[in-house]
Each structure stands twice: as structure tokens, then as C-alpha cells.
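# Tertiary structure, described
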2 protein chains.
Amino acid sequence: MLLCDIGNTSYHFFDLKKDFKEDVNIFNPTTIKKKIFYICVNSKIQKILKTLPNWIDLAKYIDISKYYKTIGIDRIMACEAISNGVIVDAGSAITVDIVKNNVYGGGFIYPGINTMNQTYKNISDVLDYSFNFECNLDIMPKNSRDSISYGYLKPFYSEVLSHNMNIFLTGGDAKIFVKIFPNAKIDEKLIFKGMNKIIKKA
Amino acid sequence: MLLCDIGNTSYHFFDLKKDFKEDVNIFNPTTIKKKIFYICVNSKIQKILKTLPNWIDLAKYIDISKYYKTIGIDRIMACEAISNGVIVDAGSAITVDIVKNNVYGGGFIYPGINTMNQTYKNISDVLDYSFNFECNLDIMPKNSRDSISYGYLKPFYSEVLSHNMNIFLTGGDAKIFVKIFPNAKIDEKLIFKGMNKIIKKA
């Protein structure tokens, strides 16, 4: 069985053994001939996939009334994978979603690392620093690099922790965010787990 | 007496009665002939002003050891204006600084409203919403507009409140941020107050 999670930058494939990525601007989906179950938040790619009969959109097997109409299908799949916890999916955007006893509890969207780096740089060249994930989040900073690192990380960190739930980290930057959430569980296959559950149900 | 606070987008003048702004890309500082006390975080403009003898840079009257070397001079002036509190200066960047018993307690930098709007838009067109400052920050959102509004505002809101100090709001977006900090004191002249204090000391 082949699964695919399509975002704004890449196709993320998983054959239940190994996973690999392809660039959305380069990869041609017609090269895949066998049956493939997918989710897609990229509207341009979605239009193409809708014309390919072997690409099966898992979105149609979801009860959207449990979520909300405009939520990303990738967030839904991650939520379907767990029963309780807060999911932090760290990519170009970071989505944070709450699940309590298998019920969706809402969520929010925060900019991802590279996106936010660019944001500070756009404000002024003097704010063009990489974020310091070793920055002490317990004291207010007194240097430029930490003042943007703290500004990006501390409010986010406190908000995620405030829900007092197990934290599940997924997405391309999960391994970086575990530095500030050392007790979080990294699960890079969370979305695929949710997809698999939905396939079994359907 | 004429004061001027120069940022990344404008010259902000104050003659102790009224204030007005001029675009940094249009205004010609040589048109001012009388003595003017200024601060400037815009390195391009600073180079020009250094050649004009009637433009007096207040940065040289500051004891920088109380702060840190690369902090913006506008943040220092706002801090000089108060004895205790947390200052939120909301412009293209939002700087947050702590002062306790006239001692600088550190600070951080967060993206301003327009900057962060652009950030979400850059991630995806589906995140191109204006922030909802009436968004309920006590519950996790279940719609797209509030999920970015909450993501931008709630972590920031909680961080500012966590210091348990009086909040001073200044900068171009102070009147918008008072919606989420209703107990804050808006003081659009905070930087000029600090500048005035430094002039009197010098």
C-alpha cells in the first residue's frame, strides 16, 4: 500500500516501510501507476490528482462535522491518529491541535522556523539571526539573537505547555522543536498513521 | 525644542505640543535648520544625519552598559521613560521590554501586525486573513481566521501578562493592541518622554 501526504512544498510518500519526499514543482504524479491513497492541502496539485483515477483522496472518508470546513486535511489525519494530546506539526507553518478523548478540541497556526526567520529579516537586516534553540526561556534576553529567539519560541512554548497534555511532535522540524519540548514524543509518521486508520475504517 | 524618533519607515517628530510623521524614503532632513534632538535605528538615515551638525544624536548620552550593545535606541528611550513596567512598542516589529526599579530587565522582539499578516499569507493564500482582535483567547479556535489570530495573539498575550507588571503600550499599533490589553496604559509619547529625560540629564 502506498500513502502520500502532499503539502505546499513536497509530496511525502510512505509505503508502510520507508518514506521519501518529492518536490511539488518537479514530481509528475502520473508516473505512479498503482493505487495510492493521498491527502493534499495544495490546491494546484489537488486539481491534477482529481483527474487521476488511481490517486484516491482520503478526505472524502472524513466526517468533517467533527472538525471545521477549512481545516487542513493533514491536521485532521494527525488528530485521527491519537486519542489524547496536543499535536505540534512543524513545517513551513506549525499547526497545533488538541484531541481530548477522541474529540477534536480546536487548534491554531503559528509560523514555522524558516518562515519566521524570513519575517524577522524582512523587518530589518539587524534581525537576521538564526533562532537559538538553546536560549534560556526562563529569563528575558539581553542580546539580539536571543531577543528574537525568545520572541519566537517562548510564547509558543508556554502556549503549548499550558494545555497540560502529552505533546506529539511531527513534521519536518520536529527534531528541532524537541529541543524545547524534551518530553514530547516525536512521531514523524503521525499523519500516515491517521491515514491508515481511515483506510481501515472505510 | 524639536525631537525626532527615526524608525524603519518614518521620521516621527514632536515639538512638545504636537507630533507628525514623514516617510523615510521622501523626507529630506537638511530642510530642518534648527537644532533637533534625535534617535535613529535606521542605519541608512543615520549615515546622513551624522553629517548634519544641527541634528544631535541622543544615543551618545546613554549609558549602554545598563542595556546591551545591539539594542535599538528607541527601546532604550522608552525604558528611560518609566520606572516599573512592561513596555510593548507595537510597530513593524513589536518590542517588549521590562523595567524594574529603573533597572532594565531584558526584552524580546515579536513581529508586528502587518509583518505577521504577510508571514501567514506567504505560507499559503488560504491563510490570508486579517487578525481578529475580538477572537476569544480562552478557547482553542475552530475556524481558519481565528486559528491564525489565536496563533499570533494568544502566545504573545500570555507572555506579556506573565510578568505581572503594568503594561505601557506605545507605537503605531498601540490602539489596536489595547483591545487585548484593556488594562494597559496607552502612551504614544513614551519614547519622546524618555528622550526629554535624557536631554534634561545631559
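Every value quoted in this text rests on a predicted model; they were computed, and no experiment measured them. (Residues numbered from 1 in each chain as written. Chains lettered and ligands numbered in written order. Predicted model: local features only at pLDDT ≥ 70, side-chain atom pairs only at ≥ 80, totals over all residues.)

## A word on the overall build of chain A
- Looking only at helices and strands, chain A has 6 helices and 10 strands in total.
- Taken over C-alpha atoms, the radius of gyration comes to 18 Å for chain A, in line with the 17 Å a tight globule of 202 residues would show.
- Taking the principal axes of its C-alpha atoms as reference, chain A extends roughly 60 × 40 × 30 Å.
- The burial tally for chain A puts 41% of its 202 residues in the buried class. (Helix = DSSP H or I, 4+ residues; strand = E, 2+ residues; numbered from the N terminus. Rg over C-alpha atoms; globule rule 2.2 N^0.38 Å. Buried ≥ 20, exposed ≤ 12 C-beta atoms within 10 Å, placed from the backbone.)

## Regarding the domain arrangement of chain A
- Domain annotation for chain A reports domain 1 (1-70) and domain 2 (82-186).
- Between domain 1 of chain A and domain 2 of chain A, the C-alpha centre-to-centre distance is 26 Å. (Domains from an automatic or database assignment.)

## Some thoughts on the sheet that holds strand S4 (residues 36-40) of chain B
Residues and elements named next belong to chain B.
- Taken in spatial order, the 5 strands make up an open sheet running S3-S2-S1-S4-S5, and their pairing is mixed. Of all strands in the sheet, those bounded by a partner on one side alone are strand S3 (19-23) and strand S5 (55-57). Between one strand and the next, the sheet's axes are offset by a mean angle of 25°, whatever the strand orientation.
- The pairing of strand S1 (residues 2-6) with S4 spans 5 bridges and is classified as parallel. Its bridge partner lying in S4, Leu 2 is registered against Ile 36.
- Helix H6 (residues 190-201) contacts S1, strand S2 (10-14) and S4 of the sheet and is inclined by roughly 125° relative to S1. (Pairing = 2+ DSSP bridges. Axes fitted to C-alpha atoms, helices over the stretch in contact; angles between N-to-C directions. Contact = placed C-beta atoms within 7 Å.)

## Let's talk about the sheet that holds strand S8 (residues 103-111) of chain B
- With mixed pairing, 5 strands are arranged side by side in an open sheet as S8-S7-S6-S9-S10 (chain B). The open sheet has two edge strands, S8 and strand S10 (185-186) of chain B, and neither has a second partner.

## Focus: helix H4 (residues 144-161) of chain B
Residues and elements named next belong to chain B.
- Taking 1.5 Å of rise per residue, 18 residues should cover 26 Å, and H4 covers 25 Å from first to last C-alpha, within 8% of that figure.
- Largest kink in H4: about 35°, centred on Tyr 150.
- Extensive coverage of H4 is indicated by the burial of 13 of its 18 residues. (Expected span 1.5 Å × (residues − 1). Bend = angle between axes of the 7 residues up to and from the residue.)

## What about the packing of helix H2 (residues 73-80) of chain B against H6(B)?
Residue and element names in this part refer to chain B.
- Where H2 contacts H6, the two axes come as close as 7 Å, and the packing angle between them is 80°. As judged from the angle between their axes, H2 and H6 are roughly perpendicular. Contacts from Asp 74, Met 77, Ala 78, Cys 79 and Glu 80 in H2 reach Leu 190, Ile 191, Gly 194, Met 195, Lys 197 and Ile 198 in H6. (Parallel < 35°, antiparallel > 145°, perpendicular 65-115°, else oblique.)

## So, the pairing of S4(B)
All names here are of chain B.
- Along S4, 4 of the 5 residues are buried, which leaves the element largely enclosed by surrounding structure.
- Pairing of S4 with S5, which is carried by 3 bridges, proceeds in the parallel orientation. By the bridge assignment for S5, Ile 36 is matched with Trp 55.
- In this view, the connection linking S4 to its parallel neighbour S5 by way of helix H1 (residues 43-49) has right-handed handedness. (Right-handed = clockwise from strand over helix to strand, strands pointing away.)

## Comments concerning unusual backbone geometry
Residues and elements named next belong to chain B.
- Positive phi is not limited to glycine here, since Leu 16 has a value of about 75°.
- Here Leu 16 is to be found in the loop between S2 and S3.
- Residue classification places Leu 16 among the exposed residues on the basis of 11 C-beta atoms within 10 Å.
- Of note in this structure, Asn 101 is not a glycine but carries a positive phi near 50°.
- Summarising the element assignment, Asn 101 is placed in the loop between strand S7 (93-100) and S8.
- The exposure class of Asn 101 is exposed, given the 7 C-beta atoms found within 10 Å.

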